[in-house]
Amino acid sequence: VWRTPSAGLLAGRRVIVTSGPTHEPIDPVRYIANRSSGKQGHAIAKAALAAGASVTLVTGPVNLPDPPGASCIHVETAREMYRAVEAALPADIFVGAAAVADWRAEESAPEKIKKDPDQRPALTLVENPDILAAVARRGGGRPALVVGFAAETENLIDNAKAKLARKGCDMIIANSVRSEAGTFGGERNKVAVVTAAGVDPWPELTKGEIGERLIVALSKLLPGAAT
Ligand code: CTP
Ligand code: CA
C-alpha cells in the first residue's frame, strides 16, 4: 500500500484551516471579493487529514468540493469566518490560508442600489477583524502553532517578516502573487517559509505538495514532536 509520507504525523491533533476569499456585501446583489480560489487552503486541509489530524475547514465561497473527512464550515464574510474560527477552537494548529477581505462596506444596502444619473454611490469601507492576529494573540487557548500567508506583489520577504512580527504568529508562508507559478487559481505555487529561525525558500511545487510539505514541517515544530 502507498502511504503518504505524512501518514500519522498529526494523529490525535486538531487543525483549523481557513480557505478561499470572503465576500463582503454592498447590497443584496453585489459584493467585494478577491481572486483567491481556495486551492492552497483546501490542499492544506487535505494534507492534514492525510496526516491523521481532525480537521475543521472554514471556507469562504469557492468552487471546490469539501475534502472528505473534514468538518467544513461555509461562510461568506470575514466576520462570519472569524466567528466560525472562534467556535472551532481549541486546536493544536491554526493555518490562515484564506484571503480575508481587509475591508467591508460600512453599511450593506437592504435593497439593490439603483442607478441615479445625479448621484454616484459612495462606498465607505471599514476594516474587518484580523482573524490570524486574533488567534495568534489569544491569551488562553492559543494553538501551539499559528500559521499565516502573505500574498504580496512586491518586497515579498520583508513584508512577510513584518507580518510575522506584527501578527504574533509562528510562521508566514510568503507567496508572490506575481510569481511565474501563477498562484491565483493555478495548480502550482512558489513560496518561502518565514519563521523566527529564518527564511526557507521552497522550490516551485503543486499546491498539494506544498500542503504535504507544510504539514510535515509543522509536525516537527509541534511541542512534544521528536526532533
Ligand atoms: N488575515 C486574517 N484576517 C484579516 C486579514 C488577513 O486572518 N482580516 C490573514 C490571512 O488569512 C493571511 C494573513 O492574515 O494568513 C496575511 O494576510 P495579508 O492580506 O497578506 O496581510 P494583511 O495583514 O491584511 O496586510 P496587507 O493586506 O495590507 O498586506
Ligand atoms: Ca490583506
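All residue numbers here refer to positions counted from 1 along the written sequence of the relevant chain. Think of it this way: whatever chain is written first is A, whatever ligand is written first is 1, and the rest follow in order. In keeping with the predicted nature of the model, local features appear solely for residues at pLDDT of at least 70, side-chain atom pairs appear and are counted solely at 80 or more, and the whole-chain, interface and lining totals rest on all residues. Values shown for side chains rest on all heavy atoms present in the structure; no hydrogens or waters enter the calculation.

Our next topic: the site of ligand 1. Surrounding ligand 1, one finds 15 residues, the nearest of these being Gly96, Ala98, Phe149, Lys163 and Lys167. Between N or O atoms, a polar contact is any pair within 3.5 Å; within protein, one atom must be a potential hydrogen donor and the other a potential acceptor, and residues adjacent in sequence are included only when both atoms are from side chains. A distance of 2.8 Å separates an oxygen atom of ligand 1 from a polar atom in the backbone of Leu132. Residue exposure ignores everything except the shown protein chains as possible cover, and the areas themselves are Shrake-Rupley values with a 1.4 Å probe. When the free accessible area of ligand 1 is taken as 570 Å², the share hidden by the protein chains comes to 78%. At the level of elements, α3 (131–136), β9 (145–152) and α4 (156–167) are the ones that each hand at least two residues to the shell around ligand 1. Here a helix means four or more residues in a row that DSSP labels H or I, a strand means two or more in a row labelled E, and each is numbered from the N terminus. With four residues, the single largest contributor to the shell around ligand 1 is β9. Definition of nearness: a residue and a molecule or strand are near each other if at least one heavy atom of the residue lies within 4 Å of the molecule or strand.

Here we come to the UniProt feature "binding site: CTP" (unreviewed entry) in the protein. UniProt positions are given in the numbering used here, feature names are shortened, and annotations may be inferred rather than shown by experiment. When the UniProt feature table is mapped to this numbering, "binding site: CTP" (unreviewed entry) covers Asp102, Lys112, Pro129, Asp130, Ile131, Leu132, Phe149, Lys163 and Lys167. For the residues just named, distributed over 66 residues, the greatest C-alpha separation reaches 37.4 Å, placing them at more than one site. With respect to the helices and strands, Pro129 occurs in the loop between β8 (125–127) and α3. Excluding residues within four positions of it along the chain, Pro129 makes contact with Arg79, Tyr82 and Arg104. A 1.4 Å probe rolled over the protein chains alone gives each residue an accessible area, and that area as a share of the maximum for its type sets the label: buried under 20%, exposed over 50%, partly exposed in between. In this structure Phe149 comes out as buried when scored by relative accessible area, which is 18%. Contacts are residue-level and defined by heavy atoms, with any inter-residue pair within 4.5 Å sufficient. In this view, Phe149 contacts Gln40, Ile44, Val95, Gly96, Ala97, Ile172, Ile173 and Asn175; residues no more than four positions away in its chain are not counted.

With that settled, consider the nonpolar core. The definition of a nonpolar core used throughout is a set of buried Ala, Val, Leu, Ile, Met, Phe, Trp, Tyr and Cys residues joined through side-chain atoms within 4.5 Å. The biggest cluster of nonpolar side chains holds 29 residues, and the ones touching the most others in it are Leu10 and Val95. Elements with a minimum of two residues in this core: β1 (14–19), α1 (39–50), β4 (54–59), β6 (93–96), β9, β10 (171–176), β12 (191–195) and α5 (207–221). Val75, Ile131, Ala160 and Ala174 belong to the second-largest nonpolar core, a separate cluster that totals 23 residues.

A separate point is the coordination of the calcium ion (ligand 2). Only nitrogen, oxygen and sulfur atoms qualify as donors, and only when within 2.8 Å of the metal (3.2 Å in the case of Na, K and Ca); with water excluded, sites may look incomplete. The coordination sphere of the calcium ion (ligand 2) contains the protein donors Asp102 (OD) and Asp102 (OD), at a distance range of 2.4 to 2.5 Å. Structurally, Asp102 can be placed in the loop between β6 and β7 (103–105).

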